[in-house]
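Results of the structural survey
Residues per chain, in single letters:
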Amino acid sequence: MLLASLAGCKEEPLSGAPTTPLGEAICAACEMNVREDRYSAGAVVTIEEKRQHLSFDDIGCLLDHERFHPEIRFHEWFVRDAASGRWVDAPHAHFVHSDSIHTPMASGIAAFADAAAAQEAATKAGATVQAWPEIRAARQKWMEERYGKPAR
């Protein structure tokens, strides 16, 4: 009976967006303080068999960190809606990438929960709306054009 009750108390794995308040979170990629919610991001990852949250001050930092750290297993990705500051599941967000969008680390990537808001921002920036797979590929291409292909 004791074993059955202990099995029922098994802790659920960590899930959901980071909860560290702005100003207290440190970007896992660039080590800057996360002070602005409009362009920040987060993830649930496993590092050395421990599931944990990572915070990022820029969506570009999230994308770069995942790419340059294959030893980290990413489970969930979150981005802040640029219009409201609320967390959005990154694979379901709509992205706009433009040099006219001034983000903390100059990635120029903004995320939106609402497709119409993303389209409005894209029109204003002279850009297009991209889905999660497209923005990931665009960021990789952008980095390679500026800094060359990584050694990996």
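Since the structure is predicted, the reported quantities are computational estimates derived from the model, not experimental observations.

Another point: the layout of surface pockets. Roughly 240 Å³ of volume is contained in the largest pocket. Lining the largest pocket, in full, are Arg38, Tyr39, Ala82, Ser100, Ile101, Ala110, Phe112, Ala117, Glu120, Ala121, Lys124 and Ala125. Breaking the lining of the largest pocket down by element, the ones donating at least two residues are strand 6 (109-112) and helix 3 (115-125). It is helix 3 that contributes the most residues to the lining of the largest pocket, five residues altogether. Here the residues of the lining of the largest pocket are counted per class, giving eight nonpolar, one polar and three charged.

A word on helix 2 (residues 59-68). Across the 10 residues of helix 2, eight count as buried, placing the element largely inside the fold. Lining the buried residues of helix 2 we find strand 1 (41-47), strand 2 (50-56), strand 3 (73-80), strand 5 (94-97), strand 6 and helix 4 (132-147).

With that settled, consider the sheet that holds strand 2. Reading across the sheet, the four strands line up as 2-1-3-4 and stay open at both edges, with antiparallel pairing between neighbours. Every other strand in the sheet has two partners, leaving strand 2 and strand 4 (87-89) as the edge strands with one partner each. Direction aside, the axes of adjacent strands within the sheet are offset by 30° on average. Sheet topology note: the strand 1/strand 3 ladder contains six bridges and is antiparallel. Following the sheet pairing, Gly42 is matched in strand 3 by Phe78.

Criteria and cut-off values
Residues numbered from 1 in each chain as written. Predicted model: local features only at pLDDT ≥ 70, side-chain atom pairs only at ≥ 80, totals over all residues. Heavy atoms only, no water. 1 Å grid on protein atoms, 1.4 Å probe; cavity = no way out; pocket = protein on both sides within 12 Å on 5 of 7 lines; lining within 4 Å. Points joined across faces, edges and corners; volume = space filled by probe spheres on them. Helix = DSSP H or I, 4+ residues; strand = E, 2+ residues; numbered from the N terminus. Nonpolar A, V, L, I, M, F, W, Y, C, P; charged D, E, K, R; others polar. Buried < 20%, exposed > 50% of the residue type's maximum accessible area, 1.4 Å probe, protein only. Contact = heavy atoms within 4.5 Å. Pairing = 2+ DSSP bridges. Axes fitted to C-alpha atoms, helices over the stretch in contact; angles between N-to-C directions.

Scope: geometric values only; no functional claims are made or implied.
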